[in-house]
Amino acid sequence: NAGVTQNPKFQVLKTGQSMTLQCAQDMNHNSMYWYRQDPGMGLRLIYYSASEGTTDKGEVPNGYNVSRLNKREFSLRLESAAPSQTSVYFCASSEQTVQPQHFGDGTRLSIL
Amino acid sequence: RKEVEQDPGPFNVPEGATVAFNCTYSNSASQSFFWYRQDCRKEPKLLMSVYSSGNEDGRFTAQLNRASQYISLLIRDSKLSDSATYLCVVNSGGYQKVTFGIGTKLQVIP
């Protein structure tokens, strides 16, 4: 049982490059989330998807876009990466709660 | 005042000790509360919910004090494997109002 799977695990980008972080869950959960975690700060919600076909902004959406491709997959895109987006990114899912229940193991992203 | 505040620690305790962490929240209308555990360089994992009547799971006890607006996590008979960062999470209503604390780091020493 894989749970929540994120790819890639590590990535280094140059300022201005774009990339997509992939996330998939196999628990048939309705809700999916993208968070970022920075030193000295709590996890901050970037975007969430309460159900297939819907997405909404979280606390820190600027510079990001998301796609809920189907019930399983929720991707996060950085169109033009900036050093301030250097962070650890976590995807998460939940069945019927507003708080996340299961997290992926994260993507460590460095932007030079 | 931050919405959710935690002492980042670290709390260094010997094996077998009892340790307690508090987490204060600012929104008196907050509805639900949780503790997550995060091991170094790993993902957070839901540890337990915090109910008004308290909640116990083995060596772990979580309590809520609405009057003083804090939640607590008590760990009895600490094990080396309890070493981790414990994140407090407060839900003040809706997806956008789920707030994570910065976490309290616990190091259990042999």
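For the structure itself, consult the block above.
Residues numbered from 1 in each chain as written. Chains lettered and ligands numbered in written order. Predicted model: local features only at pLDDT ≥ 70, side-chain atom pairs only at ≥ 80, totals over all residues. Heavy atoms only, no water.

A. Examining the overall build of chain B more closely. A tally of helices and strands in chain B yields zero helices and 11 strands. The linear arrangement of helices and strands in chain B, starting from the amino end, is β-β-β-β-β-β-β-β-β-β-β. A compact globule built from 110 residues should have a C-alpha radius of gyration of about 13 Å, and chain B, at 13 Å, falls within 12% of that. Its C-alpha atoms give chain B principal-axis dimensions of about 40 × 30 × 20 Å. Of all 110 residues assigned to chain B, the portion counted as buried reaches 46%. In chain B, 56% of the contacts between residues at least 6 apart in sequence involve partners at least 24 apart. Summing over all exposed atoms, chain B offers an accessible surface of approximately 5,500 Å²; the carbon and sulfur share of this is 46%. Between the centroid of the 12 positive side chains of chain B and the centroid of its 10 negative side chains there is a distance of 4 Å. (Helix = DSSP H or I, 4+ residues; strand = E, 2+ residues; numbered from the N terminus. Rg over C-alpha atoms; globule rule 2.2 N^0.38 Å. Buried < 20%, exposed > 50% of the residue type's maximum accessible area, 1.4 Å probe, protein only. Contact = heavy atoms within 4.5 Å. Areas by Shrake-Rupley, 256 points an atom, 1.4 Å probe, with all protein chains shown as cover. Lys, Arg positive; Asp, Glu negative; His and termini not counted. Charge placed at Lys NZ, Arg CZ, Asp CG, Glu CD.)

B. Region of the structure containing the state of the cysteines. Residue and element names in this part refer to chain A. Going through the model one piece at a time under the given rule, you end up with two disulfides over all chains. Between the sulfur atoms of Cys23 and its disulfide mate Cys91 the distance is 1.8 Å. Note on the Cys23 and Cys91 pair: the S-S dihedral is about -75°, so by sign convention the disulfide is left-handed. Of this pair, Cys23 sits in strand β3 (residues 19-25) while Cys91 sits in strand β9 (residues 87-94); the two residues are 68 residues apart in sequence, bridging distant segments of the chain. On the basis of relative accessible area, Cys23 is assigned to the buried category, the value being 3%. Overall, Cys91 belongs to the buried group, its relative accessible area being 0%. (Disulfide = S-S within 2.5 Å.)

C. Focus on the pairing of strand β11 (residues 107-111) of chain A. Residue and element names in this part refer to chain A. Burial of the side chains of β11 is restricted to one face: Thr107, Leu109 and Ile111 are buried, whereas none of Arg108 and Ser110 on the reverse face is. Of the pairings in the sheet, the one linking strand β2 (residues 10-13) to β11 comprises four bridges and is parallel in character. Bridge assignment links Leu13 to a residue of β11, and that residue is Ile111. Direction of pairing for β9 relative to β11: antiparallel, over a ladder of three bridges. Each bridged residue has a counterpart across the sheet, and for Val88 the counterpart in β11 is Arg108. (Pairing = 2+ DSSP bridges.)

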